[in-house]
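Below are the chains, spelled out letter by letter.
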Amino acid sequence: MERIAIVGVGQTKYERRKKGEIFYDLVYEVTVKAMEDAGFTLNDIDNVITISNDFWDGRTISCMAVQEAAGAHDKNVSTVEGDGTFGAFYGAMRVLGGFGTTLVVAHSKGSEGDPRFITNGMFDPIYHRPLGIEVLSASALQANVYMEKYGVTEEQFAQVSVKNHGNARKNPLAQLPMNITVEDVMRSRKIADPLKLLDCSPISDGAAAIIIANEERARKAHKKPVWIKGIAHCSEAYFLGDRDLADPIALKEAAKKAYAMAGIRDPLKEIDVVELYDAFSYMEPLWLEGLGFCGPGEGGRMIEKKISTMEGSLPVNPSGGVLSAHPVLAAGLARIIEGVLQIRGEAGEHQIDGVKTALAQGINGPCGQSHCIWIMGRDQ
Amino acid sequence: MSNWIERVEPLTLKGQIKVPYTWSVGEVGSRFLVSLRDDQKIIGNRCSECKTVFVPPRMNCGKCFKRITDWVDLSPEGKVEAFTIVRFAYPLQPTEPPYAYALIKLDGADVGFLHIIKGDLDRLKKEVRVKAKFAGKRTGHIRDIEGFSIV
Ligand SMILES: [Zn+2]
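Conventions we followed
- Residues numbered from 1 in each chain as written.
- Chains lettered and ligands numbered in written order.
- Predicted model: local features only at pLDDT ≥ 70, side-chain atom pairs only at ≥ 80, totals over all residues.
- Heavy atoms only, no water.
- Pairing = 2+ DSSP bridges.
- Helix = DSSP H or I, 4+ residues; strand = E, 2+ residues; numbered from the N terminus.
- Contact = heavy atoms within 4.5 Å.
- Axes fitted to C-alpha atoms, helices over the stretch in contact; angles between N-to-C directions.
- Buried area = accessible area lost by both parts, 1.4 Å probe.
- Salt bridge = Lys/Arg side-chain N within 4 Å of Asp/Glu carboxyl O.
- Polar contact = N/O pair within 3.5 Å; in protein donor to acceptor, adjacent residues only side chain to side chain.

> Would you take a moment to explain the sheet that holds strand β1 (residues 42–46) of chain B for this structure?
Hydrogen bonds between backbone atoms are what pair the strands of a sheet, whose relative direction is either parallel or antiparallel. Residue and element names in this part refer to chain B. Across the sheet, which stays open at both edges, the three strands sit in the order β2-β1-β3 with antiparallel pairing between neighbours. Every interior strand has two partners, whereas the edge strands, β2 (53–54) and β3 (70–74), have only one. The pairing of β1 with β2 spans two bridges and is antiparallel. When the sheet's bridge partners are listed, N45 is paired in β2 with F54. Helix-sheet contacts for helix α2 (residues 26–39) involve β1 and β3, and the interaxial angle to β1 is about 150°.

Here you go:
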């Protein structure tokens with residue numbers, strides 16, 4: 001693959017409800033931040049991708065409503081519906097396809113809709129949607145399958161929530177920094193067994209943007225480029241009943257392809273920090289298995305051994321992760337941005353020492369039907 | 001400017017997009033739902049290549065990319081493969097919580113069938129046997145099965 005890099009990033013603070021800004025304003029804010037970060041002006045942006053979803057925005061063809069705020073006036077623009085990592089993947093392809101630079105921006109205001117109604121809408125309208133299933137109950141189903149199959153425990157899930165909310169205390173952009181204990185998680189309100197309130201990510205508002213550039217243009221950016229070493233995504237069956245929910249095969253496949261592209265043989269040794277899509281606490285151990293950091297069923301023990309803490313050998317979500325802020329469509333892009341900040345050494349108080357290689361993950365569809373993996377590196 | 005917003009309750013406009021849709025359930029889906037409605041019977045179909053028995057039935061196997069033609073009568077009974085007990089309420093739910101969502105492996109099928117389980121929830125566990133209860137008034141809809149109950 002030709003060398004391409006991330007040269008600019010921008011994020012809003014993530015909050016339960018943005019009172020003063022509409023979508024357009026959030027997109028404008030992160031677009032300006034990403035350009036300032038790169039030292040670019042609008043003239044340096046060749047192509048724009050906006051990421052949104054009509055159900056979440058409550059307006060049709062919602063991406064189209066923010067393209068001016070993304071600096072797309074008189075430019076080539078495409079819109080992607082789904083998680084930001086997938087939009088960024090498309091952005092990378094546009095750069096490989098000949099554009100010198102591409103700005104990718106995602107926004108989400110969970111406060112303006114009803115996430116249960118909205119996520120019920122992602123299920124098939126004939127057989128599943130009329131049963132009222134939405135993301136909380138579907139995810140709880142997956143958590144239960146995972147526990148049944150491998151004996152992973154609710155306490156192990158709770159440890160993820162304790163860790164990630166604790167990490168969020170070092171991230172000024174996180175929405176839910178919290179000093180909590182496993183007992184607090186275990187005692188929190190039951191949502192859908194085995195998930196309790198503190199196992200679940202919050203409703204959030206926020207936006208995120210990145211600028212991807214080819215090698216020539218990356219050299220003109222202010223900051224040291226963060227090179228895209230490997231990217232891949234993969235999808236599996238749509239009906240929950242067709243899948244083994246404890247075996248994330250799409251994630252395994254996406255990881256395998258991304259590792260091969262990045263030349264990674266031993267992910268545990270070669271990757272220094274991981275930012276993954278932990279919309280629910282059980283997802284961290286399950287996704288760690290899918291990413292090949294441990295064998296099937298070993299994710300829970302990995303959490304217990306504190307390998308994924310900031311002091312551990314594989315820090316996971318030092319930013320606080322999705323559990324600490326869940327702007328649905330921007331959350332994956334935020335994972336990429338956190339990877340970039342870690343590699344640059346600009347993650348502030350939640351910086352991990354000496355990060356050379358970072359992994360970011362995004363998901364799309366119920367129970368992680370699709371996964372998108374990004375491997376980013378300091379060195380070419 | 002930025003202080004100004006802190007001192008007032010900003011305006012919030014309420015709205016709702018209402019768009020009617022009609023979804024054709026297709027030839028295969030129609031046969032499945034008509035069977036629920038008229039015969040109170042759950043049917044599936046089998047891929048001739050991988051032999052998977054699907055429920056709800058599909059016209060094609062997504063893995064083998066083969067047209068499926070072989071119909072199979074399934075039992076209204078099966079065992080629970082996975083479940084969650086829902087503790088929160090919201091308007092689209094088919095019944096009052098607590099109730100369970102479960103993936104049920106119907107006798108004769110190879111994939112999990114998503115539906116709800118009502119009552120007796122403290123007896124609910126993996127592998128427990130359940131049986132479909134059909135609605136009195138049926139319209140050719142997935143909720144012609146009112147739910148499953150533990151046998
Ligand atoms: Zn087949």
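> Help me out: how do you make sense of the interface of chain A and chain B in this one?
How big an interface is tends to be expressed through the accessible area that disappears when the partners come together. Every contact between the two is made by 34 residues of chain A and, on the other side, 41 residues of chain B. Of the roughly 3200 Å² buried between chain A and chain B, counting both surfaces, carbon and sulfur atoms make up 66%. Scanning the region where chain A abuts chain B turns up three salt bridges. R58(B) is paired through a salt bridge with D242(A); the nearest N and O atoms lie 2.5 Å apart. Seen at the junction of chain A and chain B, the total is 14 residue pairs in polar contact (both at pLDDT 80 or more). Among the elements that line the side of chain A that touches chain B, the one with the most residues is helix α5 (residues 135–150) of chain A, at seven residues.

> How do you make sense of the sheet that holds strand β2 (residues 47–52) of chain A when you look at a structure like this?
All names here are of chain A. Strand order in the open sheet formed by nine strands is β3-β2-β4-β7-β1-β8-β11-β10-β9, and the pairing between neighbours is mixed. Of all strands in the sheet, those bounded by a partner on one side alone are β3 (76–81) and β9 (273–275). The average angle at which neighbouring strand axes cross in this sheet is 25°, direction not considered. As defined by bridge partners, β9 adjoins strand β10 (residues 357–364) across three bridges and the pair is classed as parallel. Opposite V273, over in β10, you have A358 as the bridge partner. Packed onto the sheet, helix α1 (residues 23–38) meets β1 (4–11), β4 (101–109) and β7 (205–214) and runs at close to 130° relative to β1. Helix-sheet contacts for helix α9 (residues 249–262) involve β8 (226–235), β10 and β11 (370–377), and the interaxial angle to β8 is about 150°.

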